[in-house]
Amino acid sequence: FSGIWIQDNVKSDDFYKSFDVKFTITQTPESINITETFFDKSGSEITTRNKSFIPDGKETSKEEEGGINKESAKWSADKKTLNVKSTRTVGSDVYGSTVAYSLSDDGQELKVKTSDVNPMGPTVNQVFTRKK
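Now for a look at the structure at hand. The structure displayed is predicted, hence computed values, not measured ones.

## Observations regarding the pairing of strand S5 (residues 60-64)
Okay, so step 1: Of the pairings in the sheet, the one linking S5 to strand S6 (residues 67-75) comprises five bridges and is antiparallel in character. Directly across from Glu64, in S6, lies its bridge partner Gly67.

The following block contains the structure:
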């Protein structure tokens, strides 16, 4: 998974097409770190989000700003898909998503499928190619 990945706007859903998206991924045996950077069409950086996961399947929980955030990450049996679930509970409302990061057999394509935890919510598919 480690490397720099650029979103293929032709293969990805329309949701993020108004941006250019880059993932910078670093991986160790114990953790995986993903930096997601969004650029406007002129190439100017808009925002960056950093995510860090320990893919052991254990759920972490943190109380924050009047709600509870929970997160877990786990590798698939073949180690080609990282499944992440992130939720935020405020009162009786639960918000969040599941994300599956899947590597192609040749290691040159990364598919990212983000699904809302609400069954009526959207699912967004992104395809990234490894930067040479």
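Back to the text.
## Side note on the pairing of strand S3 (residues 32-39)
Each regular strand shows side chains that alternate between the opposite faces of the sheet.
Okay, so step 1: In terms of burial, S3 is largely enclosed, as six of its eight residues are buried.
Okay, so step 2: Where strand S2 (residues 20-27) and S3 come together, eight bridges link them in antiparallel fashion. Each bridged residue has a counterpart across the sheet, and for Asp20 the counterpart in S3 is Phe39.
Okay, so step 3: Counting the residues in the hairpin turn of S2 and S3 gives four residues.
Okay, so step 4: The antiparallel hairpin formed by S3 and strand S4 (residues 45-53) contains five residues in its connecting segment, where Gly43 sits at a positive phi of about 95°.

## A few points about the layout of surface pockets
Okay, so step 1: Taken as a whole, the largest pocket holds about 460 Å³ of empty space.
Okay, so step 2: The wall of the largest pocket is formed by 23 residues, among which Arg49, Lys51, Ser97, Val99 and Thr114 lie closest to the centre.
Okay, so step 3: By residue number, the principal contributor to the lining of the largest pocket is S4, which donates five residues.
Okay, so step 4: As a volume, the second largest pocket reaches approximately 220 Å³.
Okay, so step 5: Elements represented by at least two residues in the lining of the second largest pocket include exactly S5, S6, strand S7 (81-90) and strand S8 (93-103).
Okay, so step 6: Split into classes, the residues belonging to the lining of the second largest pocket amount to one nonpolar, six polar and four charged.

## Examining the packing of aromatic side chains
Okay, so step 1: Counting across every chain of the model gives six aromatic pairs.
Okay, so step 2: Through a chain of ring-to-ring contacts, three or more aromatic side chains come together here, namely Phe15, Tyr16, Phe19 and Phe38.

## Some remarks on the sheet that holds S6
Okay, so step 1: In space, the ten strands of this open sheet follow the order S4-S3-S2-S1-S10-S9-S8-S7-S6-S5, with antiparallel pairing throughout. What marks the edges here is a single partner per strand, and that holds for S4 and S5. Strand after strand, the sheet turns through a mean of 20° between neighbouring axes, direction not considered.

## Structural notes on the pattern of salt bridges
Okay, so step 1: For the structure on display, the rule yields seven salt bridges.
Okay, so step 2: A salt bridge links Lys11 to Glu109, with the shortest nitrogen-to-oxygen separation between them at 2.9 Å. Here the residue Lys11 occupies a position in the loop between strand S1 (3-7) and S2, and Glu109 occupies one in strand S9 (residues 109-116), the gap between them amounting to 98 residues.
Okay, so step 3: By sharing partners, the salt bridges in this structure join Glu36, Arg49 and Lys51 into a single network.

About the criteria used
- Residues numbered from 1 in each chain as written.
- Predicted model: local features only at pLDDT ≥ 70, side-chain atom pairs only at ≥ 80, totals over all residues.
- Heavy atoms only, no water.
- Pairing = 2+ DSSP bridges.
- Helix = DSSP H or I, 4+ residues; strand = E, 2+ residues; numbered from the N terminus.
- Buried < 20%, exposed > 50% of the residue type's maximum accessible area, 1.4 Å probe, protein only.
- 1 Å grid on protein atoms, 1.4 Å probe; cavity = no way out; pocket = protein on both sides within 12 Å on 5 of 7 lines; lining within 4 Å.
- Points joined across faces, edges and corners; volume = space filled by probe spheres on them.
- Nonpolar A, V, L, I, M, F, W, Y, C, P; charged D, E, K, R; others polar.
- Phe/Tyr/Trp six-rings, centres within 6.5 Å; stacked < 30°, edge-to-face > 60°.
- Axes fitted to C-alpha atoms, helices over the stretch in contact; angles between N-to-C directions.
- Salt bridge = Lys/Arg side-chain N within 4 Å of Asp/Glu carboxyl O.

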